[in-house]
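Letter by letter, the chains look like this.
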Amino acid sequence: MQTSVAVQSSTLSSHDDRTLSLVFCAYTIAAAFWLLFATAVGVLMAYKFGAPDFGPGAWLTFGRLRPIHTNSTFYGWASVALVGLAYYVAARSSRARLYSAKLAWIGLALFNLAAVAGTIALDLGFNDGNLEYREWPWPIRLVFLAALLVTAWNLIGTVARRSTEDIYLSNWFTIGGVLWTCVIAIVAILPWYQYGLGQVSVSGFYMHNAVGMWFTPLALGVFYYALPKLLSRPIYSYALGVFAFWTNLVFYPIIGAHHFLFSPLPWFLQTTAIVFSVAMLVPVWGGSANFLLTMRGRMHGMSRSYPLMFIFVGVVGYLVGSTQGTFEAFRSLQEVWHFTNFTVGHSHLTMYGFVTFAIWGGIYALLPLATGKAPSQLGLTLHFWTALVGSFIYITSLSVGGTIQGLDWIRGLPFIQSVADMQSYWLWRGVGGSLMLLSHVVFAWNVWRMSYGVKPNASLDDSSATAEAEA
Ligand code: HEM
Ligand code: HEM
């Protein structure tokens, strides 16, 4: 098992190495806090489906807790963790020091300021209405936008001072993702066209680009760097990676209307979204094949490396979750699944099974290289299995229950019948969610060990771990 590490040797001064390691640690610690907080809220909400009156008081109502959960998992957990990883990957793969540590700290402060202010505002009942994933009042979203701009500037600056000839593939995904997200955040804030059907289109555009052009490329960037590092072999095909990057960029931005099929949005717009939802199979299958072929022949060794196992689950989550999304976009299947808990299952298969597992794999693969400190074997084992089993229970129960819910509606049964039918599935979701939360407590402990733990006495030669990712 990969638990023994040494600080990754680099061409930088020890001061620059230390700065990079501090930045990476600080982003990871902040993100771990947000994961704990957001998913504790998630578990509370999950049990409210069985006991709706539990937790009285306006500030504990489902309507306030739900956007707190979604916004803090998106912007507190996944965004902050991925930016920390992106800085590390950008600097290491470019063999350059961070363009500006100061900007990285400012970015971290802004991300956290937005998440704290957004959470408080939502809990006090101040929000921007039902604009999904944009519920924070707009001045707070401006703070988040400022954090994105700072991050984009710093990442570009870092890659621009690279001492390698090419820009490594991970940085294409990361910089492309950050720049695109600045665009969608601006589009989502400007008020002029946000009324009537214009607002609906922007909602679809924003929702799907947040997941597809922010979390997805940043998580894929982690795979492209961490996999070669863990396996000490280059990525199967660099060209296929570039192809997946461009097809992702071309197809993703126009699929947002699949969230509003059968709505008053123009029919051609809905059909376009469906067509490009199918086209998304190209980057998804191309990218997944690239990762799986990179792992080919090493599967037996995988069970001895938890970072690799986290990444493997992430790749499978990406492949299965996105392919499922393509099917969900067909009108015939939307008739069954839309508005049901099946969609919530899809959200967690992708945002948890893909993005969150990718982040964990990246952190376990790279943070020990930055700090020279490793989590314990017990910590890794507990984290992996409780998260995997918990999310499996969560996603399976909602996928099965959500399908039954949709079929009940199609059969014209009284609505309350579908609620009764869901009871046991919601209970199982609570059980799975509790295991997931437990795994996050273990993750926080592991992060603590990787950041503040004791360094192993003997620093091993890290030549295998430092094999050229960009070879
Ligand atoms: C690339 C292929 C994908 C396609 C074609 C796709 C398709 C869909 C569709 C059709 C819906 C709407 C379901 C409904 O409202 O009935 C949906 C919802 C959702 N998808 Fe995907 N998906 C894909 C990948 C992903 C990925 C990679 C993520 C996360 C990183 C993701 C996250 C979500 C989320 C969070 C929702 C719920 C949105 C809401 O709140 O209504 N999807 N997806
Ligand atoms: C302990 C783990 C978690 C639990 C118990 C949990 C629970 C929940 C619950 C109860 C909902 C409301 C569903 C509804 O409205 O019917 C929800 C929604 C959501 N959660 Fe989680 N969650 C967890 C982890 C996460 C993580 C880590 C992420 C993202 C990284 C996430 C992203 C979302 C999203 C995007 C939605 C909206 C789903 C939709 O509208 O389709 N959750 N979650």
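Quick notes on the rules
Residues numbered from 1 in each chain as written. Chains lettered and ligands numbered in written order. Predicted model: local features only at pLDDT ≥ 70, side-chain atom pairs only at ≥ 80, totals over all residues. Heavy atoms only, no water. Axes fitted to C-alpha atoms, helices over the stretch in contact; angles between N-to-C directions. Helix = DSSP H or I, 4+ residues; strand = E, 2+ residues; numbered from the N terminus. Parallel < 35°, antiparallel > 145°, perpendicular 65-115°, else oblique. Left-handed = near helix turned anticlockwise from the far one by under 90°. Nonpolar A, V, L, I, M, F, W, Y, C, P; charged D, E, K, R; others polar. Near = heavy atom within 4 Å. Polar contact = N/O pair within 3.5 Å; in protein donor to acceptor, adjacent residues only side chain to side chain. Donors = N, O, S within 2.8 Å, 3.2 Å for Na, K, Ca; no water. Tetrahedral: all angles 85-135°; square planar, octahedral: opposite > 155°, others 65-115°. Buried < 20%, exposed > 50% of the residue type's maximum accessible area, 1.4 Å probe, protein only. Expected span 1.5 Å × (residues − 1). Contact = heavy atoms within 4.5 Å. Core = buried A, V, L, I, M, F, W, Y, C linked by side-chain atoms within 4.5 Å. Phe/Tyr/Trp six-rings, centres within 6.5 Å; stacked < 30°, edge-to-face > 60°.

S.K.: Tell me about the packing of helix α11 (residues 306-328) against helix α13 (residues 341-371), residues and numbers included.
M.R.: For the pair α11 and α13, the least separation of the axes is 7 Å and the interaxial angle reads 155 degrees. Here α11 is positioned roughly antiparallel relative to α13, judged by the angle of their axes. Judged by the sense of rotation from one axis to the other, the crossing of α11 with α13 is left-handed. Among the residues forming the contact of α11 with α13, the class breakdown is 14 nonpolar, 12 polar and one charged.

S.K.: With reference to specific residues and values, describe the site of ligand 2.
M.R.: Within the structure, ligand 2 sits among 27 residues, and R66, H69, S347, H348 and Y394 are positioned closest to it. One nitrogen or oxygen atom from the side chain of S347 is found 2.8 Å from an oxygen atom belonging to ligand 2. Contributions of two or more residues to the shell around ligand 2 are made by α1 (14-48), α2 (62-94), α13 and α15 (415-452).

S.K.: How would you sum up the coordination of the iron atom of ligand 2? Please name residues and give values.
M.R.: Around the iron atom of ligand 2, the donor atoms from the protein are H69 (NE2) and H348 (NE2), and they sit 2.0 to 2.1 Å away. What the six donor atoms of the iron atom of ligand 2 show is an angle range of 86 to 179 degrees at the metal, which sorts the shape as octahedral. Within this pair, whereas H69 is found in helix α2, its partner H348 is found in helix α13, the two being separated by 279 residues in sequence. Neither H69 nor H348 differs from the other in exposure class; each is buried.

S.K.: Could you give an account of the site of ligand 1, with specific residues and numbers?
M.R.: Taken together, 24 residues surround ligand 1, and among them E132, Y133, Q334, H338 and H346 come closest. H208 has a polar side-chain atom sitting 3.4 Å from a nitrogen atom of ligand 1. In this structure, H338 approaches ligand 1 through a side-chain N or O atom, which is 2.7 Å from an oxygen atom. Elements represented by at least two residues in the shell around ligand 1 include exactly α6 (196-231), α11 and α13.

S.K.: Please give an account of the coordination of the iron atom of ligand 1 that cites residues and values.
M.R.: Counting protein donors around the iron atom of ligand 1 gives one, H346 (NE2), at 2.2 Å. Looking at the element boundaries, H346 is found in helix α13.

S.K.: So, helix α8 (residues 267-279): which residues are in play, and what are the values?
M.R.: In this model α8 runs 18 Å from its N-terminal to its C-terminal C-alpha over 13 residues, within 8% of the 18 Å that 1.5 Å per residue would give. Tucked into the core, α8 has its buried residues touching α7 (238-251), α9 (281-295), α11 and α12 (331-337).

S.K.: Summarise the nonpolar core; cite the residues concerned and give the values.
M.R.: Among the nonpolar cores identified, the biggest contains 122 residues, and W77 and W360 are the most heavily contacted of them. Among the elements that take part in this core, α6 stands out by supplying 17 residues, more than any other. The contact partners of W77, leaving out residues within four places of it in the chain, are A31, A32, W34, L35, S72, T356, I359, W360 and F443.

S.K.: Just give me the short version of the packing of aromatic side chains, but keep the residues and values in it.
M.R.: Under the defined criterion, the tally for this structure stands at 47 aromatic pairs. Centroid distance W337 to F342: 3.8 Å. Interplanar angle 5 degrees. Geometry classified as stacked. Residues W360 and F443 carry aromatic rings whose centres are separated by 5.9 Å and whose planes lie at 55 degrees to one another, so their mutual orientation is tilted. Within this pair, whereas W360 is found in helix α13, its partner F443 is found in helix α15, the two being separated by 83 residues in sequence.

Read these as spatial facts, not as claims about activity.
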